[in-house]
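Per-entry structural report
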Amino acid sequence: MAGGNDRSVKALKEVWRRAENSLCADCGKPDPDWASSTLGVFICLSCSGIHRNIPSISKVKSLKMDYWDDAQVQFLAKHGNAVTKATYEAHIPIYYYQPTYNDCQVLREQWIRAKYERKEFTEPGKQLPYSDGLKEGILWKRGRDNGQFLPRKFLLSEREGCLKYFTKQDAKEPKINVKIDVINATFQPVKIGNPNGLQITYLKDNKTRNIFVYHESGKEVVDWFNAIRSVQFHYLKVAFPIASDNEIKNRLTRNFLKEGYMEKTGPKQREAFKKRWFTLDHRRLMYFKDPLLKGEVFVGSKENGYSVQKGLPSGTQGNFSWHYGLTIVTPDREYLFTCETETDQLDWIAAFTSVINQAMTPQEYAIEAYFKFKS
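Everything numeric in this text was worked out from a predicted model, so none of it was measured.

This part takes up the overall build of the protein chain. A count of helical and extended segments in the protein chain gives 10 helices and 17 strands. Here the protein chain, with 375 residues, has 49% of them falling under the buried criterion. Sequence-distant contacts, at least 24 apart, represent 53% of the contacts inside the protein chain between residues at least 6 apart. Summed over its atoms, the accessible surface of the protein chain is roughly 18,700 Å², and 49% of this surface lies on carbon and sulfur atoms. Charge centroids of the protein chain, computed over 56 positive and 44 negative side chains, lie 3 Å from each other.

This is how it looks when you write it as structure tokens:
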């Protein structure tokens, strides 16, 4: 708000204080302090960087540090987040994932480009690259044994209700054929080591399997992500005809409850603690190494004898580098972990507690029985 006459500064403050402009127009982060002088939206610092990369569409300025002339302030007053959203977000498919400030860069960037650059949601019934129930193309898939990423043909079919991939372009039979209702997909740029990294998780024989992929194009990989959500949505509409659209939307791809590094020891609790990447997907605590799945722990409910405790049991013998411990207690054994910081420790405890405090479903009892059987 540097420079400018008192009248324009006052007018800018008044527009900025409107309730509709209290959250970033693109990711929902509170207290945005940037705005687009060409689109009329109030945005956060992070989203302003994305806008800056599409200068033909959006010109961004700081609300605190930049000069705003009378015409620009009047433009903001005439538009603002509510008016602009009514145009650029008028017809978003219900299955389309709208990212928040907690989501990764590629999701937020493609959401912003879809709205303002490609104008995907301005007209009803617009044909979109992820909306016709069939998607085929090449994704780079990580090999299970050597860790190399190789191009693989993927096919997503709403009619068949499945996702397939083929090891060769001309292969007639897929390497894997996964039913769409058991798939989860989530972006994992850190774990995969690529900003466009996508983790596809599915269940086979009650065991979690993972496919790690990426594409050089951020648009293409996000289109795949939303195509999966689209096919899932229409599949579930048929499977659950009396469910509302919002109920079905809540059953589509989900983010993991918590992820990050911890150290763990083995069942004898005398082995050295080893650093692993952990993912909490509701009742499944999975741990990975580079980034293949190494094992899983089932996290049940407190009514069934599960709990999480701060710290490690007295007399724990394994060597560990991190000193903020936690213990998951199950009916059969205790699992010991250490975290790098106290904040990490408390966050993990809160995540486990939220799961343990929920009653188990009949399906989860079956999964628990499988975990006990294989152990």
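Across a sheet, strands are paired by hydrogen bonds formed along the backbone, either parallel or antiparallel in direction. An order of 7-6-5-4-10-9-8 is seen for the 7 strands of this open sheet, with the pairing classed as antiparallel. Every interior strand has two partners, whereas the edge strands, strand 7 (176-179) and strand 8 (183-187), have only one. Here the strands of the sheet are splayed against their neighbours by 35 degrees on average, with no regard to which way each runs.

It is worth spelling out helix 7 (residues 218-239) at this point. Across its 22 residues, helix 7 extends 32 Å between first and last C-alpha, which sits within 8% of the 32 Å expected from 1.5 Å per residue. Where helix 7 begins, one side-chain oxygen reaches toward the backbone nitrogen of lysine 219, 3.3 Å away; that side chain belongs to serine 217.

In this structure, the largest pocket occupies an estimated 870 Å³ of space. Lining the largest pocket are 28 residues, and of these Asp181, Val182, Leu203, Arg254 and Gln363 sit closest to its centre. Residue assignment for the lining of the largest pocket shows that the elements contributing at least two residues are strand 8, strand 9 (198-204), helix 7 and helix 10 (362-374). A per-class count over the lining of the largest pocket returns 11 nonpolar, 10 polar and 7 charged. Residues lining the lining of the largest pocket come from more than one domain, with at least three contributed by each of domain 2 (134-250) and domain 3 (258-373). If you trace the second largest pocket, you find 30 residues lining it, with Lys141, Arg144, Ile176, Tyr202 and Asn210 closest to the centre. Breaking the lining of the second largest pocket down by element, the ones donating at least two residues are strand 4 (134-142), strand 5 (149-157), strand 7, strand 9, strand 10 (207-214) and strand 14 (292-298). Ranked by residue count, the leading element in the lining of the second largest pocket is strand 10, at 6 residues. The residue makeup of the lining of the second largest pocket, split by class, is 10 nonpolar, 8 polar and 12 charged.

With that settled, consider the domain arrangement of the protein chain. Split into domains, the protein chain comes out as domain 1 (6-117), domain 2 (134-250) and domain 3 (258-373). A C-alpha centroid distance of 41 Å is found between domain 1 and domain 3.

About the cut-offs
- Along each chain, residue indices are assigned from 1 in the same order as the chain's sequence is written.
- With the structure being a predicted model, the display of local features is reserved for residues of pLDDT at least 70 and the display and counting of side-chain atom pairs for 80 or more, all residues being used for whole-chain, interface and lining totals.
- Note that water and hydrogens are dropped before the side-chain values are worked out from all heavy atoms of the structure.
- Under the scheme used here, helices are H or I runs from DSSP no shorter than 4 residues and strands are E runs no shorter than 2 residues, and both carry numbers assigned from the N terminus.
- Buried residues are those whose accessible area, probed at 1.4 Å on protein chains only, stays under 20% of the maximum for their type, while exposed residues exceed 50% and partly exposed ones sit between those limits.
- Contact between two residues is taken to exist if any of their heavy atoms lie within 4.5 Å; hydrogens are not considered.
- Residue burial considers only the protein chains on display, and all accessible areas are found by Shrake-Rupley using a 1.4 Å probe.
- Only four residue types enter the charge count, namely Lys and Arg as positive and Asp and Glu as negative; His and the chain termini do not.
- One atom stands in for each charge, and that atom is NZ of Lys, CZ of Arg, CG of Asp or CD of Glu.
- DSSP-based pairing: two strands are paired if at least 2 bridges between them are found.
- Whenever a helix is involved, its axis is fitted only over the stretch in contact; in every case the axis is a line through C-alpha atoms, and angles between N-to-C directions fall within 0 to 180 degrees.
- Each residue after the first adds 1.5 Å to the expected span of a helix.
- As used in this structure description, the phrase polar contact means that two N or O atoms lie within 3.5 Å; if the pair is within protein, one of them must be able to donate a hydrogen and the other to accept it, and residues adjacent in sequence are counted only when both atoms belong to side chains.
- Think of a 1 Å grid over the protein atoms and nothing else: a 1.4 Å probe that fits but is trapped marks a cavity, an open set flanked by protein within 12 Å on at least five of seven lines marks a pocket, and residues with an atom within 4 Å of a point count as lining.
- Grid points are joined across faces, edges and corners, and a volume is the space filled by probe spheres set on the points.
- Throughout, the ten residues Ala, Val, Leu, Ile, Met, Phe, Trp, Tyr, Cys and Pro are labelled nonpolar, Asp, Glu, Lys and Arg are labelled charged, and all others, Gly among them, are labelled polar.
- Delimitation of the domains relies on an automatic or database domain assignment.

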